[in-house]
Amino acid sequence: VQLQASGGGLVQAGGSLRLSCVQSGRTFSQYAMAWFRQAPGKEREFVAAISRPGGSTIYADFVKGRFTISRDNAKNTVYLQMNSLKPEDTAVYYCAAVRTIVTATLRTVASGYDYWGRGTLVTVSS
């Protein structure tokens, strides 16, 4: 399984970006997906996760109401729509995947995911 994230860039505070992560293979619908981020000098932290069919989502408190995770199983793609961006959102954003049996599985810790993309840099200027 390979994950390729894209969509990062430089944006002013208050702006928006949409990240995408494409998974190789034909079993994307069997994977729960998530986004994590890592700012310089900080540990990687959970941002959002979505269940296999996409019916369940969970967010870190600091992005609730601003970010939305979604997926398109026909396109093997998970998205992270980021609105009202703040300078503290500056980080490298990583997508992650784990194959799950229970369709409603949501995991918020990095150790719960088996596959990781290389990350895409988001920089928010003040």
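Anything mentioned here points back to the structure above.
Anyway, here's the lowdown on the structure attached to this text. The residue numbers shown here count from 1 along each chain, following its written sequence. Only residues with pLDDT of at least 70 get local features here, since the model is predicted, and only at 80 or more are side-chain atom pairs given and counted; chain-wide, interface and lining totals rely on the full set of residues. Calculation of side-chain values draws on the structure's entire complement of heavy atoms; hydrogens and water are dropped beforehand.

Moving on, we come to the pattern of salt bridges. Salt bridges are counted wherever a side-chain nitrogen of Lys or Arg sits within 4 Å of a carboxyl oxygen of Asp or Glu. Overall, the coordinates contain four salt bridges when judged by the stated rule. Where D89 meets R37, a salt bridge forms, and the shortest distance between an N and an O atom there is 2.9 Å. You can see D89 sitting in the loop between β8 (77-82) and β9 (91-99) and its partner R37 sitting in strand β4 (residues 31-38), a full 52 residues away along the chain. Partly exposed describes any residue whose relative accessible area lies between the buried limit of under 20% and the exposed limit of over 50%, with all areas from a 1.4 Å probe on protein chains only and scaled to the type maximum. Judged by its relative accessible area of 1%, D89 is buried. Here R37 falls in the buried class, since its relative accessible area comes to 5%. Among the salt bridges present, the one from D89 reaches R66, with a minimum N-O distance of 2.7 Å. Counting from the N terminus, the helices are DSSP H or I runs at least four residues long and the strands are E runs at least two residues long.

Time to look at the side chain of R71. For R71, the position within the fold is in strand β7 (residues 67-72). Charge assignment in this entry is limited to Lys and Arg as positive and Asp and Glu as negative, and neither His nor the chain termini are counted. Despite its burial, R71 pairs with no opposite charge; the closest candidate is D72, at 8.2 Å N-O. Distance and chemistry together define a polar contact, namely a pair of N or O atoms within 3.5 Å, with one atom able to donate a hydrogen and the other to accept it when in protein, and with adjacent residues in sequence counting only for side-chain atoms on both sides. Among the polar contacts made by the side chain of R71, one reaches the main-chain carbonyl oxygen of Y31 at a distance of 2.8 Å. A distance of 2.8 Å separates a polar side-chain atom of R71 from the backbone oxygen of S51.

Another point: the pairing of strand β1 (residues 3-6). Going residue by residue along β1, you find L3 and A5 tucked away on one face and Q4 and S6 left uncovered on the opposite face. The sheet contact formed by β1 and strand β3 (residues 17-23) spans four bridges and is antiparallel. From the neighbouring strand, S6 faces β3, where its bridge partner is S20. By this definition, two strands are paired if DSSP reports at least two bridges between them.

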